[in-house]
Amino acid sequence: MSQSKWSSDEQALFDALHSLMSERFAEVSATSARAIFDEALARRERSAAQESSGGWTGRIEKGVVSPVASTHQGGRVRADVEIVAESDELIDSLLHQILEVGAVLVHLDEPPGLNEIVQVKLSFPRAHLEVEARARVVHQSSRGTAIEVSGLSREDRVALQAIADDRRRELEDQAALESGPGVHDSFQDHHATPPVQVAEDPMRSFAPYGSRRSGVKRTMQTTGRRRFDMPDPDMDVVRSTQHSMESGLVTREFYGPAPPWFEPGGDPDRVEELAGERVLDILLQLSASGFSGAVVHRHDKKGRQLLFESGYIVEISSEPRHPVSELGPMLQAANRITKRQLAMAAAHADELGTTLARSLMELDILDPERIRHAISGRLTFLLREFCEEREGSLQVFDASSLPADFLPQPPLRVHVAVERIIYDRLVRGLSQCSAKEREQTMAPELDTYPEVLVQERDRLERAVSATAQLRLVDNVLNGRRRLREVLTESALPPAETFAVVFALHRMGLLHFDRSLHQTVVRERLRENVTVKYLSVHKASYFEVLNVHWSSYSEVIEKAYHELRAQFDPQRVPAELEEEVHQRVREINERVEAAYAALAKRPTRHGYRTRIMPEYKLAHAVPLFLKQSELAERRGQWAEARDAVRRVLEIDPENAEGQRRLKRYEQIIDQGLSPDPADTNQ
């Protein structure tokens, strides 16, 4: 703008600045003066923006607010903010700030520093929706902390837009009622009206959350994984549908629009041919990765499409359409609605082009919570069926291959955890194993330490719901007990304990730690070597072999082989100290010397008479005879025979011992009756 067009105020400002520069700041260069003038103008603009009725503008310099003095995550402040929108005013304001402005203004007692990264959780209890996203602090002032929410996924943004559309319709209906009758004489197109404007009051767009205590709270959760409110399935829907399928009493009538089937654009990200239980592995992998998108299964000209959101199932549809797998017939079979109510809802859905579930809600046939439980029951039944698929091809499409609105709209978007369905299926199957099958499965793992993986705790909570089983997981499956100890200490029946442990292992949520077992084995070996080493040089040959001095050849032979296996130099772990290896070699030499002296009876008898007093030998014979007599009365024939053989080991000519040994061997080896009056003797 040329000087000739300046206003009087602008001319006066120029004259004042020119005079001031000439009289007081003549030494300031033109470049410095220009930079100073630019900064002064910028500060003037910021000050005007902060004092204006429109509030925060987002154009904030870094030096306005000092960072909070805290050291988390490598010296950077990490805070989590949860915003709970329950009232209409909070819902409208939060949706406007997120969808239209891209940032929210909150009041926090201990706000994070400027430019710090925070995790924002947006909760809409009435819509049963929770959204988490990474955000950044962009401004702080006396009015609150401005947080820019830029990490929303496309699915989250679509879900929030759906809530905003629902609020717009609520406001339209309310306005129609207030304006009098005749406004809603016919059904209206849900998409005909423009989006509602919620920012009539310029201050409303940035109404700070936290001005009400229930509006905002700080939380220490640091997980970035989305969590959803998962309603329990209506088991009457599951059972009645199962009964209808088994009995063949299935309807052939269609009610309302078909469940949506989306044709993905582009090539699939993954293609697999199913075999065995491969379908379970694929579902678990998709759930663990937080997958959002579609899985399409085709077999024998039939198709099935599963829609995922953050690893949860939200919809299952069939092609061609199958009435028994749709919500309406399922509700009727479970006696939740009548056929007349089903027909009314179907006509309403057909006319408006909406889903049958939404029509049931809008016509007040069922309340939203009951519908959500029924939808959960339907998805549970269909997912159970899908887990039994053994043939066909599976195609996986990412969310980018699908339309932006492929997810069901809240509040009737229900999330079902894949882990819960698969876990229940595995536990049922494993619980039916026979005792022999359980023993064979557990045998290789009995000395390992089962432990739930810490990084899979979130998925485990989705899988296990029974209180007693959760108690087993928390208190026993902690990696501190061997599997054989887990089976002993568990309050559950052995079959159920086995099923829980191996179901979690099959799902990749639990592993059998062998490293701790090996450590314990090494420590026990080191301890046993020390104890045995201290005793072998002081003991008799009988004590070296850990047997009584009255032992006969079979006992000596068995003890020798056990010690050779226990203290075999070739089986000592190489990482143990050289001292342990040397002691094992000395123990082995001493065991060989003892066996050489005691293996044959003549040398053994001579060694025994040299180390044992004669009176002990004489006194031992009647004691062993008495032991055999007591064992005979109890019917313990093996123990009776052992006592008699010790008598003959000391005194080979003992007539009573020879008579008893012959009788005991006949009873044991030939199965003869022990009754002396029996003529078979």
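About the cut-offs
Residues numbered from 1 in each chain as written. Predicted model: local features only at pLDDT ≥ 70, side-chain atom pairs only at ≥ 80, totals over all residues. Heavy atoms only, no water. Helix = DSSP H or I, 4+ residues; strand = E, 2+ residues; numbered from the N terminus. Contact = heavy atoms within 4.5 Å. Areas by Shrake-Rupley, 256 points an atom, 1.4 Å probe, with all protein chains shown as cover. Patch = residues over 30% accessible without salt bridge, like charges linked within 9 Å, V, L, I, M, F, W, Y side chains within 5 Å. Salt bridge = Lys/Arg side-chain N within 4 Å of Asp/Glu carboxyl O. Axes fitted to C-alpha atoms, helices over the stretch in contact; angles between N-to-C directions. Parallel < 35°, antiparallel > 145°, perpendicular 65-115°, else oblique. Left-handed = near helix turned anticlockwise from the far one by under 90°. Nonpolar A, V, L, I, M, F, W, Y, C, P; charged D, E, K, R; others polar. Core = buried A, V, L, I, M, F, W, Y, C linked by side-chain atoms within 4.5 Å. Buried < 20%, exposed > 50% of the residue type's maximum accessible area, 1.4 Å probe, protein only. Domains from an automatic or database assignment. Phe/Tyr/Trp six-rings, centres within 6.5 Å; stacked < 30°, edge-to-face > 60°. Expected span 1.5 Å × (residues − 1).

- If you look the chain up in an unreviewed UniProt entry, it shows as J domain-containing protein from Lujinxingia vulgaris.

## Some points on the overall build of the chain
- Counting secondary structure elements, the chain contains 24 helices and 14 strands.
- For the chain, the share of sequence-separated contacts (at least 6 apart) that also reach a separation of at least 24 residues comes to 73%.
- Carbon and sulfur atoms provide 50% of the accessible area of the chain, an area that totals close to 36600 Å².

## Some remarks on a nonpolar patch on the surface
- Taken together, the side chains of L13, L17, L20, F25, V28, I36 and F37 define a hydrophobic patch exposed on the protein surface, amounting to about 590 Å² of accessible area.
- Contributions of two or more residues to the nonpolar patch are made by α1 (8-23) and α2 (30-51).
- Mapped onto the elements, L20 comes out in helix α1.

## Brief notes about the packing of helix α23 (residues 637-650) against helix α24 (residues 655-670)
- Running from N to C, α23 and α24 point in directions that differ by 150°, and their axes come no closer than 9 Å. As far as their axial angle goes, α24 and α23 are roughly antiparallel. Crossing handedness for the pair α23 and α24: left-handed. Residue-level contacts link W637, A638, A640, R641, V644, R645 and L648 of α23 to G657, Q658, R660, L661, R663, Y664, E665, I667, I668 and D669 of α24.
- Per-class residue counts for the contact of α23 with α24 are 9 nonpolar, 2 polar and 6 charged.

## A closer look at the nonpolar core
- Membership of the largest hydrophobic core comes to 73 residues, with the highest contact counts inside it found for L283 and L504.
- Element by element, the count of residues in this core is highest for helix α10 (residues 368-386), at 8 residues.
- Here this core spans two domains, since at least three of its residues come from each of domain 2 (235-244 + 267-414) and domain 3 (422-508).
- When near neighbours in sequence (up to four residues on either side) are disregarded, L504 contacts Y423, L460, V464, V473, L477, L509 and L510.

## Overview of the packing of aromatic side chains
- Here the structure, examined in full by the defined rule, presents 7 aromatic pairs.
- Taking 5.6 Å as the distance between ring centres and 65° as the angle between the ring planes, the aromatic pair formed by F291 and F308 counts as edge-to-face. Of this pair, F291 sits in the loop between α6 (278-288) and β8 (293-299) while F308 sits in strand β9 (residues 302-309), placing them 17 residues apart in sequence.
- Judged by relative accessible area, which is 0%, F308 ranks as buried.
- Every member of this aromatic cluster is reached through a ring pair, and the members are F498, F502 and F512.

## With respect to helix α22 (residues 614-633)
- Its 20 residues place the ends of α22 30 Å apart at the C-alpha level, agreeing with the 28 Å of an ideal helix rising 1.5 Å per residue.
- Those residues of α22 that are buried lie in contact with α21 (601-611), α23 and α24.
- Following α22 by one or two positions, G635 has its phi on the positive side, about 75°.

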